Amino acid sequence: MQEDLASHGYVGIAIEYPYNAPIVVFPDGRIIRPLPLPPAPSTASREEERQRQYQQTLADLDYWAHDIAFVASQINKWMETQSGLFMDAWMLRGSEPSGTHVVG
């Protein structure tokens with residue numbers, strides 16, 4: 001999908017969430033591995049396990065939303081300093097930037 005969007009002149013950015021990737025190595029050499037789900041108590045019923053997984057999913061979504069907001073703010077800051085570069089590209093395409101969109 002990103003290649004298709006780029007072929008039409010769009011800028012695409014992908015986010016890989018550090019604790020969901022198999023391994024992340026930061027530029028300073030730090031390594032992050034995924035966090036395992038805490039084991040369910042052996043006495044947990046099927047409903048209790050489903051509820052535990054649901055709560056973990058809600059926590060993950062909140063975490064991801066904060067990451068997306070951070071990345072969007074960084075892109076906006078970068079665009080403010082590089083606006084000439086992007087405006088020239090948009091003018092060549094005969095269009096204007098229409099905002100930021102999240103897919104996936």
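Residues numbered from 1 in each chain as written. Predicted model: local features only at pLDDT ≥ 70, side-chain atom pairs only at ≥ 80, totals over all residues. Heavy atoms only, no water.

1. Here we look at the packing of aromatic side chains
Applying the stated criterion to the full structure yields zero aromatic pairs. Its end group placed over the ring of phenylalanine 26, arginine 30 keeps NZ or CZ at 4.5 Å from the ring centre. (Phe/Tyr/Trp six-rings, centres within 6.5 Å; stacked < 30°, edge-to-face > 60°. Lys NZ or Arg CZ within 6 Å of the ring centre and 35° of its normal.)

2. So, the layout of surface pockets
Of the pockets and cavities examined, the second largest pocket occupies roughly 170 Å³. Around the second largest pocket, the lining is made up of ten residues, and of these Tyr19, Asn20, Leu35, Gln56 and Asp60 lie nearest the centre. Here the lining of the second largest pocket is built from residues that sort into seven nonpolar, two polar and one charged. (1 Å grid on protein atoms, 1.4 Å probe; cavity = no way out; pocket = protein on both sides within 12 Å on 5 of 7 lines; lining within 4 Å. Points joined across faces, edges and corners; volume = space filled by probe spheres on them. Nonpolar A, V, L, I, M, F, W, Y, C, P; charged D, E, K, R; others polar.)

3. Some thoughts on the environment of aspartate 28
Looking at the element boundaries, aspartate 28 is found in the loop between strand 1 (24–25) and strand 2 (31–32). With a relative accessible area of 54%, aspartate 28 lands in the exposed category. Within the local environment of aspartate 28, its side chain forms a polar contact with the side chain of arginine 30, the two groups lying 2.9 Å apart. (Helix = DSSP H or I, 4+ residues; strand = E, 2+ residues; numbered from the N terminus. Buried < 20%, exposed > 50% of the residue type's maximum accessible area, 1.4 Å probe, protein only. Polar contact = N/O pair within 3.5 Å; in protein donor to acceptor, adjacent residues only side chain to side chain.)

4. Structural notes on the confidence of the model for the chain
Across the chain, the average pLDDT comes to 76, with 75% of residues at or above 70. The weakest mean pLDDT in the chain belongs to helix 3 (residues 83–93) at 56; the strongest belongs to strand 2 at 88. (pLDDT = per-residue confidence, 0-100.)

5. What about a nonpolar patch on the surface?
A contiguous nonpolar patch, built from Met1, Leu5 and Tyr10 and spanning about 340 Å² of accessible area, is present on the exposed surface. When you line up the elements, methionine 1 lands in the segment before helix 1 (2–7). Accessibility expressed as a relative area gives 67% for methionine 1, which makes it exposed. (Patch = residues over 30% accessible without salt bridge, like charges linked within 9 Å, V, L, I, M, F, W, Y side chains within 5 Å. Areas by Shrake-Rupley, 256 points an atom, 1.4 Å probe, with all protein chains shown as cover. Salt bridge = Lys/Arg side-chain N within 4 Å of Asp/Glu carboxyl O.)

6. Focus: the pattern of salt bridges
Under the definition given, this model contains three salt bridges. In this structure, the salt-bridge partner of aspartate 28 is arginine 30, at a minimum N-O distance of 2.9 Å. In this structure, glutamate 47 and arginine 50 form a salt bridge, with 2.7 Å as the shortest nitrogen-oxygen distance. Of this pair, glutamate 47 and arginine 50 both sit in helix 2 (residues 46–81), three residues apart, which is roughly one turn of the helix.

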